Structure formats: C-alpha cells, structure tokens
Amino acid sequence: MDLKQPSFRHCGENTVFLNQLEHAGKKYIRLWYKPNRFITERLKSASWVKYSQTYKCFVMHHSPQTIELTHMCFQGLAAVSTRYLYRPKRLRPDKQTPVLAAGSLIPVLTKVTDLPVVRLQALLTESGTLLGITFKYNEAIYSRLKNSKVAKWQPAQKCFAILPGAPNIKVLLTELCRLAHIWLSQDLKVQDMALLRELWEQTYEKGPQYISCPLPYLEKLFLLNYSPSTIRTYHGLLLRFLNSHAIRGLEEINAFTEEGLNQYHRAMVQTQTHSCSLVNQSINAIKFYYQRVLMRPEVQLNNIERPEKPERLPTVLSKDEVSRILKATENQKHRCLMQLLYAGGLRIGEVINLKITDVQSARNLLLIRGGKGKKDRTTLLSQKLLESLREYYKAYRPKEWLFEGQNGGQYTVASVRNVFRGCLERASVKTKATPHTLRHSFATHLLEQDTDLRYIQVLLGHRNSKTTEIYTHVTTHSLEKITSPLDNL
C-alpha cells in the first residue's frame, strides 16, 4: 500500500472539522484536525486554503464553493465534518453571572436617552439678563419654540430666550416634553425644589404606576443644608426604591418595616452590580425618608443590615508617570488644570470651583472654599504652578472663575475628565487612573518625602486621620529599606 496516499479505510479516524471564524467583520472557516502530515500536505497544495500566522491554523473563505472543493480534496483521505460550522455561537460573559433567588432582581428605571438636548444659560442683553436657549438645529424644536408662550427670539443674539424664573422654565419643560431634554448650565443655581425635581426626572419613562420623589423629602434636605450633589444622589436612590415597589403604591411603601428595607438592599447586593458605597448611600437616603420625612423614628439606622466595604488601596502614579501626564497637555489651560490636581491634592470639584481671588500668591496658598463636607481649607501653592497660572491668566483672561468654558461660565467636571483621559493616552501611561488619582499621588509622594502625616491630613481636608493613614499602605518609602528573605538565600 502506498504510504503517501493512504486509503480512507486506513485513516478512518481522521476528520477535518470546519469551524466558524470571524476576522475584521468578515466570515471565514478555520480547519481543525488531529496532527497528520498527509492532511497537512494536502492542505498546502490546495489553492483556496491559506495558513494564518495570526490564528496558527489553515483558513479559507466561507462559501459553498470552498466547502465543496474541500470535500472533493479529501476524498479517500479524510472525512470533512461541518457539524461545528453552523452551530450557534456560544456566549461567554466577561464576568461570572450570579444565579439569583426568584424576585431578587431590582428593576431599573428606564431612561429616554435618544432625545436632543436644549441648554439654558445666562444671556446678557440690553434689556437685562435672560436665559438663552441653545440647541443643535432641530426643525421640531424650532417650531415648538416659535409658538412658545415664554420663549422669544432675540435678533441681536440670534437665539431664543426666556425671562429668568422657575415658572418660565416649568412652562418650557411642559412645551418640550417628549421632544427634548432641558439642561441648565452650571452657573445657574436653582433653589426651587419642585423645578429641580422636574428637571431631574424629565429623562425617565413615566408609566401609569410611576411614583415621583415626594417634594417634602427634597425640601427637608435643602433646609438642612445638604450639598446639591448629596440632594441629587439621595433623590435618585429614593426614586429607584419607590419605583421598585410602585405596584404596591406609595401608602403601602410608607408603612414598610426594617425587614422590607433589608430585603430591598439584600437584593441589591445579590445582583453584584452595585458597589458597597452605593448600597450604603441607598440605606442612608431611604432611612432619611422614613425617619425625617415620614417621622418614623422606630425605623432605626443601626438595625439595617449594611454590607461590609472592602478595604481597597488607592491607585498611585509614579513621579515619572505624573511628569509624563503633565507634559502631554495640549495647552496652558489644560496644563494648569492637571498641575492643580497634583500640586495641591485637589478634588475635581474643588478645581472647577476655584475663583481668581482664591489664588493667594502673597502667602503661597490656595484657598479651597466649600470642599467636601462644606469645609474651607488652604493648601500648597507651588512656585512652578504659580508661574504657570500667571502665564495662563495673561493668555486666557478669565473673568470670575479660574477656569472657564469656551462660552464663559464655570468649567465642567466632564471637561476635566476628558482632558485627563487625553493626557493619559498621549503619555502612554497604562495605569488605570482618573483625575482623583493625582490627589492620591500627591499624598503618597508627600509621605515619601517624610512629610508629617498630620500636615498631609490638613492639606487634603480629611476630618479623620484614619482616612489619611491609608497612604501609609501604598508608599514604597519604608519598603525599600526591607530586604526580602529570598535575596539572602
């Protein structure tokens, strides 16, 4: 028998399997078989088959012609199987999918995300201050504004505008309902809780059982001087809780016991999609509703089960990585932004809230007003940063805020994040970092310079020294003096 051309009977167990393969959006066929030099030689001689260095196997185009040619090519040598060629693709999730108890999933409020955005911002005119309306041209929005009861066309500014005041914004919200979402610029401060509720809830789908956040809840938070960000967070978490039980009605929800609240938060933990911090925030928001609004002091905070927060170390950049990020900025404004985050250990919100008068060059200090927890503090003003700020001021001439947007007004958090993300890419820094990572790096690098922990606590604005002590776990200053026992073997 010729060994170079073995019969199919002799190689009866030899099979060439055709498998699906997708590459660059196109469909191919991957050929798989047990190691066999005769099959390999036959494939090398087939003009429609190529060896892929990327996938380390033979591949060919996915077509009826190539499949038929392959069947003919292996007659008498091996079987050609298509059993895996048309099998549905198996889905492999990136993370393990938890198996939950029946009814443990938390329904999420559905948001309408495909509507255009209409922005309101302060507009100075000869007749006084108005609220200018800007949007990407949309014929339906333009037509609606043209027939609006409150919006008027301003020929000089070439835009629609309304008079300031909550009643006018509420009318505009009603007129643009289901047509557009209204966003307010950061320099507009709204203290009308009813208006804020309408603005925050305009993006949600409101079915027949939808429960809006009770207005006394928001008013109580405002009267007790909670920060705007906390009020917004609590509003969203309570709204989620109420609408997760909307089928039972608000009256029955208001009569919930501690066990009812435990069941809700237990389900949040089981989904494994919420951080411990979010669950704890949800507990605080809902307990505030029961204790301070519904006046049910018997629902005690300490009787609610709280998930234990994992102790994770903060991400810290090396000095070389920080230097590369600062050098990767595109202009003087972006460079000053990044330098401030690192040189003063500032939070992102503290940077955009800085005013020109907060830079106290005579005392080499930066004044941080209304930081986290509404605390004022001072922090370092680097000489190198001061020189950069002076160059920036000469070039950009900001009026009130230290950093202002292209159209005036306060710089946004999203803009700072976009600037940092761009610097990270251009600097080729692979560490997963955020603007807050520069604050962590500031504290760690100070500790490595033998700065007293108490001073670092003051500079960061930490109320508790235990919060600052976390940086002792990430510094390499003391570890460099320790020799591993492996090195002494």
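Quick summary incoming for the structure in this document. All figures in this text were calculated on a predicted structure; none of them were measured in a lab.

Some words on the nonpolar core
If you look at the biggest cluster of nonpolar residues, it comprises 45 residues, and the most contacted ones within it are Ile325, Met338, Leu340, Leu402, Phe403, Val416 and Leu438. Elements represented by at least two residues in this core include exactly α11 (319-327), α12 (332-343), α13 (348-352), β12 (365-368), α14 (383-396), α15 (413-426), α16 (435-448) and α17 (453-460). Sequence-distant contacts of Leu402, defined by excluding residues within four places in its chain, comprise Leu340, Leu354, Lys355, Ile356, Val359, Leu389 and Tyr392. Ranked by size, the runner-up nonpolar core spans 33 residues in total, among them Ile211, Tyr217, Leu261 and Phe288.

Notes on the sheet that holds β12
The strand order β11-β12-β13 describes an open sheet built from 3 strands, whose pairing is antiparallel. Here the strands that pair on one side only, and so sit at the sheet edges, are β11 (359-360) and β13 (377-380). As judged from the 4 bridges shared by β12 and β13, these two strands associate in the antiparallel manner. Note that in β13 the partner of Ile368 across the bridge is Arg377.

Things to note about the packing of aromatic side chains
Applying the stated criterion across every chain, the model contains 16 aromatic pairs. Between Trp153 and Phe160, the ring centres sit 5.1 Å apart and the planes meet at 75°, which makes this aromatic pair edge-to-face. The exposure class of Phe160 is buried, given its relative accessible area of 5%. When the centroid spacing of 5.7 Å and the interplanar angle of 80° are considered together, the rings of Tyr217 and Phe288 count as edge-to-face. Taken together, the residues Tyr217 in helix α6 (residues 215-223) and Phe288 in helix α10 (residues 276-293) connect sequence positions 71 residues apart. When sorted by exposure, Tyr217 lands in the same class as Phe288, which is buried. Three or more aromatic residues link up through ring pairs in this structure, and these residues are Tyr217, Tyr226, Tyr234, Phe241, Phe256, Tyr264, Phe288, Tyr289 and Tyr290.

Overview of the sheet that holds strand β7 (residues 128-134)
Strand order in the open sheet made by the 5 strands is β8-β9-β7-β6-β10, with mixed pairing throughout. Of all the strands in the sheet, the pair left with one neighbour each is β8 (152-154) and β10 (181-184). Averaged over all neighbouring strand pairs, the angle between strand axes comes to 45°, with direction disregarded. The sheet contact formed by β7 and strand β9 (residues 159-162) spans 3 bridges and is antiparallel. Within β9, the position partnered with Ile133 by the bridge is Phe160. Packing against the sheet, helix α4 (residues 166-175) makes contact with β6 (117-125), β7, β9 and β10, and its axis sits at approximately 125° to β9.

Here we look at the pattern of salt bridges
A complete count under the given rule lists 11 salt bridges for this structure. Notably, a salt bridge pairs Glu298 with Arg296, separated by 2.9 Å at the nearest N-O pair. Residue Glu298 is classed as partly exposed on the basis of its relative accessible area of 47%. Overall, Arg296 belongs to the buried group, its relative accessible area being 15%. Linking Arg426 and Glu330 is a salt bridge whose minimum nitrogen-to-oxygen distance equals 3.4 Å. With Arg426 in helix α15 and Glu330 in the loop between α11 and α12, this pair connects stretches of sequence that are 96 residues apart. Residue classification places Glu330 among the exposed residues on the basis of a relative accessible area of 57%. Where salt bridges share partners, they join Arg347, Glu350 and Arg377 into one cluster.

Definitions and cut-offs
- Residues numbered from 1 in each chain as written.
- Predicted model: local features only at pLDDT ≥ 70, side-chain atom pairs only at ≥ 80, totals over all residues.
- Heavy atoms only, no water.
- Core = buried A, V, L, I, M, F, W, Y, C linked by side-chain atoms within 4.5 Å.
- Buried < 20%, exposed > 50% of the residue type's maximum accessible area, 1.4 Å probe, protein only.
- Helix = DSSP H or I, 4+ residues; strand = E, 2+ residues; numbered from the N terminus.
- Contact = heavy atoms within 4.5 Å.
- Pairing = 2+ DSSP bridges.
- Phe/Tyr/Trp six-rings, centres within 6.5 Å; stacked < 30°, edge-to-face > 60°.
- Axes fitted to C-alpha atoms, helices over the stretch in contact; angles between N-to-C directions.
- Salt bridge = Lys/Arg side-chain N within 4 Å of Asp/Glu carboxyl O.

These values are about where atoms sit, not about what they do.
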